[in-house]
Amino acid sequence: MQLNSVDQKCLDALAAALPEAALRDVAPRYLEEPRGRWHGQAGVLMAPASAREVSQVIQIANTQRVPVIPYSGGTGLVGGQVSPAGPLPILLSLERMTAVRGLYPEENVMVVEAGAILSDVHDAAAAAERLFPLSIASKGSARIGGLLATNAGGVNVLRYGNARDLCLGIEAVLPNGDLWNGLKRLRKDNTGYDLRNLLIGSEGTLGVITAATLTLVPRPASEGTALMVVDSPTAALALLALAKDHVGEGVSAFELIHGQGLAFLSEALPDLRQPFNTQPEWCVLIDLGMARGLDPASALERIFEEASEAGLVSDGVIAQSEGQRQSFWELREQIPEANRRIGSISSHDISVPLGMVPEFIEKAAGVIGALGHFRINCFGHLGDGNLHYNIFPKHGESRADYAHLSDDIKRAVHDLVHEMGGSVSAEHGIGRLKVDDLERYGDPTKLEAMRAIKAALDPAGIMNPGAVLRASV
Ligand SMILES: Cc1cc2nc3c(=O)[nH]c(=O)nc-3n(C[C@H](O)[C@H](O)[C@H](O)COP(=O)(O)OP(=O)(O)OC[C@H]3O[C@@H](n4cnc5c(N)ncnc54)[C@H](O)[C@@H]3O)c2cc1C
């Protein structure tokens, strides 16, 4: 269906229906995205203060057939939050909807508005002696609406699950402007189709999430972190199994880091202190969170000793203070920033079955090697079988020198992932970046069902057109 740009009639309707504070100029930062691939456009920025106001914006957009791009923290890595072409959309920011509507420590539940920033949600949970365990490097900017809309993962999925697993209920405005109140605090609720799960991961294409009921967990009584040098991804997987044998669910995170990532940190962020004198080829960051009476540092020592005897680790350092723990985490969390500064030719957020990770890493090096000489930074959430497999030019060259190869590289990596039964988008979503990939690798029956769902809920196609599914013209 033909969509229209925001025009004076649309602006007048928005101004008549909403308070002045909700209409904003579109500052340039709303049109950028972290990797600088796209530059967005918008006819107006709307920042409603309530779900009712969101509903009014969507009703107007639906009546006037104007596209709407929901916008939370703007940290999405697949371009879902920017609209580079087509009719000028309404950019709908959740930034004024940040309230904690309710906190129920005895139920381990928090009800929060969609614009709440993840680190603020962490702080609110901590103030109630609880933990909201979703943790990603963009936590200072990403907001609950965006995190749910992309079903974000991060470093603690291994133990606590992804955004979907941490959400009991949702309030959302559907594409016709109707407000759905699904903010249940229930762990059991089998009452028909699960709209909550449909909206989670829908990347703004089926409606606007305005609030969510989140699951909290008890805070671990103590936490410990170590960096251990392993000689291969196979050894890293064996170390993960060993760590789980020792402390079971106490393993909160298990991150694989390649020496190339450490080299990039030295190159791009030289002030960051690194714990190893000699750069290892592979190392893992292990994070333990233990219940009262259990000591993570001694557990990490036992794990290291046993792994050492088994020939799995050759060096390691266990954080001796909270400050050192944070500095280990900083190393891991600054890898995306170092990557950004170096400039990748092609980045891939992939997953394969856990046991096939070493085989993938070996085969992928082969297929990339056949295309030329590149630097490969492979790192990520090993415990989830989720790797960030990013390809960079040789030292002294730039990504622009290889722009002509970026599609071939992406295709080679994704073909391999697909052959191995993996996913070409493990945690970042489809956005605008991977629409082609979804069409190429997605199951046709699932794709048809997705198109039917979109057509049923959003027949005019106003919600984030061009994201996830190709926009119909
Ligand atoms: C340094 C860095 C590290 C990162 N690490 C990780 C990581 O470890 N794991 C991971 O999964 N991701 C990671 N990301 C990606 C990103 O942070 C996540 O995708 C995050 O969930 C996006 O949240 P946001 O609030 O910024 O959403 P935005 O970027 O604003 O939006 C993302 C998508 O959600 C839609 N959307 C936004 N708000 C709503 C809403 N209220 N209702 C409906 N749709 C909405 C948008 O239209 C868009 O399609 C990282 C990003 C950066 C920059």
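- Within an unreviewed UniProt entry, the label attached to the protein chain reads FAD-binding oxidoreductase, and the organism entered is Roseovarius pelagicus.
- Under the UniProt heading Sequence similarities (unreviewed entry), the entry covering the protein chain gives this text: "Belongs to the FAD-binding oxidoreductase/transferase type 4 family."

## Notes on the pairing of strand β9 (residues 179-182)
Here is step 1: Looking at chain direction, strand β8 (residues 167-173) and β9 are connected through four bridges and run antiparallel. Across the sheet, residue E171 finds its bridge partner in β9, namely N181.
Here is step 2: In textbook terms, the turn of a hairpin is the stretch between consecutive antiparallel strands, and for β8 and β9 this stretch comprises five residues, one of which, G177, has a positive phi near 95°.

## Regarding the sheet that holds strand β5 (residues 100-104)
Each strand in a sheet pairs with its neighbour through backbone hydrogen bonds, running either in the same direction (parallel) or in the opposite one (antiparallel).
Here is step 1: Taken together, the five strands give an open sheet; going across it, the order is β5-β6-β10-β8-β9, and neighbouring strands pair in antiparallel fashion. Among the strands making up the open sheet, the edge pair consists of β5 and β9. Averaged over all neighbouring strand pairs, the angle between strand axes comes to 10°, with direction disregarded.
Here is step 2: Here β8 runs beside strand β10 (residues 208-215); their pairing, made up of six bridges, is antiparallel. From the neighbouring strand, C167 faces β10, where its bridge partner is L214.
Here is step 3: Against the sheet, helix α2 (residues 51-64) makes contact with β8, β9 and β10, and its axis sits at roughly 50° relative to β8, the strand it touches most.

## Section: the site of the ligand
Here is step 1: Neighbouring residues of the ligand: 33 residues in total, closest P70, S72, T75, S138 and T150.
Here is step 2: Q81 places a polar side-chain atom, nitrogen or oxygen, 3.4 Å from an oxygen atom of the ligand.
Here is step 3: Within the contact set of the ligand, an oxygen atom lies 2.7 Å away from a side-chain nitrogen or oxygen of T150.
Here is step 4: Expressed as a share of its isolated accessible area of 980 Å², the protein-covered part of the ligand is 93%.
Here is step 5: Of all elements in the fold, only β3 (68-71), α4 (144-149) and β10 reach the threshold of two or more residues within the shell around the ligand.
Here is step 6: For the shell around the ligand, the element with the highest residue contribution is α4, accounting for four residues.
Here is step 7: For the shell around the ligand, the residue count by class is twelve nonpolar, 18 polar and three charged.

Conventions adopted
- Residues numbered from 1 in each chain as written.
- Predicted model: local features only at pLDDT ≥ 70, side-chain atom pairs only at ≥ 80, totals over all residues.
- Heavy atoms only, no water.
- UniProt positions renumbered as here; feature names shortened; annotations may be inferred.
- Pairing = 2+ DSSP bridges.
- Helix = DSSP H or I, 4+ residues; strand = E, 2+ residues; numbered from the N terminus.
- Axes fitted to C-alpha atoms, helices over the stretch in contact; angles between N-to-C directions.
- Contact = heavy atoms within 4.5 Å.
- Near = heavy atom within 4 Å.
- Polar contact = N/O pair within 3.5 Å; in protein donor to acceptor, adjacent residues only side chain to side chain.
- Areas by Shrake-Rupley, 256 points an atom, 1.4 Å probe, with all protein chains shown as cover.
- Nonpolar A, V, L, I, M, F, W, Y, C, P; charged D, E, K, R; others polar.

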